[in-house]
Amino acid sequence: MGGGTPRRIYRNPPIVEAVCTFAFASESHWNVTVPGRFYERVRESYPEEPEERSVMQADINASPEAPFEQVSLGSAGSRVAFKNKSQVLTISPRNLGIHALAPYEGWDSFRQRCLDALRCYAEVIGEVEIAGLGLRYVNRIILPESTVNLSDYFTIVQGLPAEGFPGSLTSFFDRMEVSYADAPVKVAFTWASDDQVADRAAFIVDLDLQRRGEIEHVDVPSFLDDLRERERAAFESLIQDKLREVFDASR
């Protein structure tokens, strides 16, 4: 992705979680000793006791006898998590996840943790083929007012026909996926109102970018930077200067 969006560093970034994920093509090198050996390499940076987490998977089922889709939840295995307060690693036979919870540590720190985690995983597992790379940023945006004009803060809005609906929009949930033309990358964009914040207008802006296809280890740093640049460009394109002022305001 050429050019680049100017890097903005906000005093109060709205990021509640950043996640980098590596998907692996095979789990043939995995065995029960891997979590322990991995922990020996990362325990200085993630000293808290490791914990096992169950992973749920949603399946959509339909048939001629039952043409309406039905969603069922099932177990997709488990992952082992290694933590240091707001910094988390998760590993499983086919995935490595690096998480940064609020307060966000900044891209330079997060990027280095991603590269360090992949290096440690490869040292334990051996030669591992990367089949996909993901970078996701979940933002919670809390505005100073309880009722707002969306166009004052965002470049996109939600609306309904004037006829047939009440006058006030109280909540919404919108999701779309877009493919880039210049690379095997997709972005899933989710935008929704957040009803968990009392007396303030609040929104979730979730940008989940995925690069699919075999990735050489030597290319990971540049591909990771590329995803971050695309995420920045997408996020900045969604917001107005008035919202940027909110991110830079003193608390």
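Shown above is the structure to which this text applies.
This section reports on the structure supplied with the text.

1. Description of the overall build of the protein chain
A tally of regular secondary structure across the protein chain gives 5 helices and 9 strands. Residue burial in the protein chain is summarised as follows: out of 251 residues, 39% are buried. Of the contacts made within the protein chain by residues no fewer than 6 positions apart, 69% connect residues no fewer than 24 positions apart. Working note: accessible area of the protein chain is about 14,300 Å², and carbon and sulfur atoms make up 49% of it.

2. Things to note about the packing of helix 1 (residues 34–42) against helix 2 (residues 107–125)
Put simply, helix 1 and helix 2 touch, their axes get as near as 9 Å, and they point 135 degrees apart. By the angle between their axes, helix 1 is oblique relative to helix 2. Crossing hand, helix 1 versus helix 2: right-handed. On helix 2, the residues touching Val34, Arg37, Phe38, Arg41 and Val42 of helix 1 are Ala117, Cys120, Tyr121, Glu123, Val124 and Ile125. Its residues assigned to classes, the contact of helix 1 with helix 2 comprises 8 nonpolar, no polar and 3 charged.

3. So, the pairing of strand 4 (residues 87–92)
Where burial is concerned, most of strand 4 is hidden: 6 out of the 6 residues are buried. A two-sided burial pattern is seen for strand 4, the buried positions comprising Gln87, Leu89 and Ile91 on one face and Val88, Thr90 and Ser92 on the other. As defined by bridge partners, strand 4 adjoins strand 5 (residues 95–101) across 6 bridges and the pair is classed as antiparallel. Bridging from a neighbouring strand, Val88 pairs with His99 of strand 5. Hairpin connection between strand 4 and strand 5: a loop of 2 residues separates the two successive antiparallel strands.

4. Here we look at the environment of Val16
As for its position among the elements, Val16 is in strand 1 (residues 15–24). Taking the C-alpha atoms as reference points, Val16 and Ile141, 125 residues apart in sequence, are found 9.5 Å from one another.

What counts, and where the lines are drawn
Residues numbered from 1 in each chain as written. Predicted model: local features only at pLDDT ≥ 70, side-chain atom pairs only at ≥ 80, totals over all residues. Heavy atoms only, no water. Helix = DSSP H or I, 4+ residues; strand = E, 2+ residues; numbered from the N terminus. Buried < 20%, exposed > 50% of the residue type's maximum accessible area, 1.4 Å probe, protein only. Contact = heavy atoms within 4.5 Å. Areas by Shrake-Rupley, 256 points an atom, 1.4 Å probe, with all protein chains shown as cover. Axes fitted to C-alpha atoms, helices over the stretch in contact; angles between N-to-C directions. Parallel < 35°, antiparallel > 145°, perpendicular 65-115°, else oblique. Left-handed = near helix turned anticlockwise from the far one by under 90°. Nonpolar A, V, L, I, M, F, W, Y, C, P; charged D, E, K, R; others polar. Pairing = 2+ DSSP bridges.

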